[in-house]
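Observations on chain architecture
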Amino acid sequence: MQKQYNNLWFYIFKLVRALIVSADKAFVSSKTIVLLGLSLSLLNSTNVFAVAGDTITTTATISYDIGGAPGTSNASVSFVEDRRINFLVTDSNGGSAVPVISDMTDAVIQFTVTNTGNTVQDFLVTAVNTSPNPFAAPADNFDPLAGTIQVFVESGLTPGYQAVEDTAVFIDELVSNTSRVVYVVADMPTQVIDNVAAIALIAQVAESGAVGVEGAAINADDNGMISPAGVFSNGSTNMPSGIANVIADSPFTMETVFNDPAGLSPEDISTALIQDVVRNGQHSDAGAYQVMSPVNILKTVTVIDALGGTDPHPGATLRYQLDVNVAGNTPVDNLVVTDLIPANTTYSDGSITLNGAVQSDLNDATADYSRAIDILAKPVISIEVDLSQGGVLAVSPGATNVIIFEVTID
Amino acid sequence: MKNLKENHMRNIWKAVLLSVMVMFSAVGAHAEEGAIRFSNNAFKQVISKSADGSVQYDYVEPGLVLPDDVILYEIVFENISTQDVSNIVVNNPIANNSSYRGSSATGDSTEITFSVDGKGFASADSLTVKDKTGRVWKAKPEDYTAIRWVYKKSLKPGAKSKVTYKTTIK
């Protein structure tokens, strides 16, 4: 009797050992791939990388003595961790509108999409016009040129939008608790300064699928929640509305549960074009373009006194320099720069230069496009330089036009 | 889904344990028939607030299990032999994707110890871990990898007992 128990005990011991060892090995190997490339500091916490769909298993063992002989037994219990879909879209432009210039092309608003669910997912993205202005005032009052709004995903090669690198139109394989930057790129119509165009970025959860391949949109969970229909991936993916589907919870299969939050504000809309609701597989946030002046002028002054120093005493010369720069990517028409002669100073005749070339003070457009007003009826109260040469020349972005004039202190 | 009240946990054995055991037989939970009938069961904790403000803990089938859910494990052992069974020791590793909840292990007439490596066992107060620099810290519940219950009595024929603990899903 005792011998039989001993043999049985030995057999069961080996079986249990084998089960435990194989379970441990399986666990380690399934996580090893995930561990690659991640911080070694996380290695001590073996269970950090919980993933939906994992079977959670534990095996209890019992040992005992009966009639002087040892016995042992074991019992396992398993269930499957279900999939919680949760993610956030946030405007990431420093909490303010992105400055743009009238008629600008490829104006960029940046967003961040963060996967807070418990497994890797793809996310489909789209951007739509929305209102009101997420930054309060002034009101949203224009839209980018129709058909020009596109969305691209940061490649990870160079920070900031790079047209050549950032060409992906969906977020591929976003691991739990990681983020990806997404750019909305659009062309601006002709607008006056301060006008605002609000844009919502909407992310839609999708299956992770294969690396580099856009996963199928998940437009319904297993809990009766659905996504509204939407067009994603710059028009290439047309997702129908989900069909409500309730699957009984089972310990043996992975159920999917939408747990995404609602949009915070009225402008944070879903593809139903109403404020995003909880648990619809979508989340959104809004950013805005705001039109700014395309022309920047940097004005500096240098004092030149009669003794060659920099003391601004009476009779000393003040040399003013205006660096005129056009921002953005659209040339500016009719760009005329004027500046007043300061009080208690007198314009130095013939001192205007444009990019080093001496300009005449006379209103003589055929000779040059600068003048002192009015050199023929002194005192001169202002200077004027017409960079567009009478409306003929468009001033291109990039180059700096340098205007210099001088006055003397009375 | 059937809800189980904690104050009726003893009735679970009759009412639900059998069905749970059948349910889990597909994934290997079972009692190896020897002197001891042994089973391992998992329930999801569901907290609800009644109208009067009292909090109620229900334990249900772990059908929908998401991060941060609390799982109650109940390990039952029954003497199905005709002799006393002594020196009973129950050992249970903490499951993958799970962390032990501090002070949750229970068991009548048991001495409970824990392990951070599955080999050395010590009481919760004296268990330590080493960090990467070799510095020794008191082990936190989430560091535990296994629990051991030493049953201090002998189990009479027909008698049964149980031990329990809780985990949080990662």
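A short tour of the structure in this document, coming up. (Residues numbered from 1 in each chain as written. Chains lettered and ligands numbered in written order. Predicted model: local features only at pLDDT ≥ 70, side-chain atom pairs only at ≥ 80, totals over all residues.)

Things to note about the overall build of chain B
Filter applied, for reference: Put simply, DSSP H or I for four residues or longer makes a helix, DSSP E for two residues or longer makes a strand, and each gets a number counted from the N terminus. Neighbour density around each residue's C-beta defines its exposure: 20 or more other C-beta atoms within 10 Å make it buried, 12 or fewer make it exposed, and counts between make it partly exposed, where C-beta atoms are placed from the backbone. Throughout, a residue-residue contact means that the two C-beta atoms, derived from backbone geometry, are no farther apart than 7 Å.
What chain B contains, in helices and strands, is one helix and 11 strands. The helix and strand sequence of chain B, counted from the amino end, reads α-β-β-β-β-β-β-β-β-β-β-β. Every one of the 170 residues in chain B was classed for burial, and the buried ones make up 35%. Counting only contacts in chain B whose residues sit at least 6 apart along the sequence, the fraction spanning at least 24 positions is 71%.

Describing the sheet that holds strand E1 (residues 55–66) of chain A
Short version of the rule: Should DSSP find at least two bridges between two strands, the strands are taken to pair. Angular values range over 0 to 180 degrees, each being the angle between N-to-C directions of two axes fitted as lines to C-alpha atoms, with helices fitted over their stretch in contact.
Sheet architecture is open: five strands sit in the order E2(A)-E1(A)-E4(B)-E10(B)-E7(B), paired in antiparallel fashion. Single-partner strands in this sheet number two, and they are strand E2 (69–80) of chain A together with strand E7 (110–115) of chain B. Mean inter-strand twist for the sheet, computed between neighbouring axes without regard to direction, equals 15 degrees. Summarising the sheet, E7 of chain B and strand E10 (residues 146–151) of chain B pair through six bridges and their orientation is antiparallel. Opposite Glu111 of chain B, over in E10 of chain B, you have Val150 of chain B as the bridge partner.

Quick notes on the interface of chain B and chain A
To keep things clear, this is the line we draw: Following the grouping adopted for this structure description, the nonpolar residues are Ala, Val, Leu, Ile, Met, Phe, Trp, Tyr, Cys and Pro, the charged ones are Asp, Glu, Lys and Arg, and the polar ones are all others, Gly among them.
At the junction of the two partners, chain B supplies 45 residues and chain A supplies 33 residues. Elements represented by at least two residues in the side of chain B that touches chain A include exactly strand E1 (36–49), strand E3 (70–79), strand E4 (85–93) and strand E5 (98–100) of chain B. For the side of chain B that touches chain A, the element with the most residues is E4 of chain B, which contributes nine residues. Class assignment for the residues of the side of chain B that touches chain A results in 25 nonpolar, 17 polar and three charged. Sheet topology note: the E1 of chain A/E4 of chain B ladder contains five bridges and is antiparallel. Each bridged residue has a counterpart across the sheet, and for Ile62 of chain A the counterpart in E4 of chain B is Val90 of chain B.

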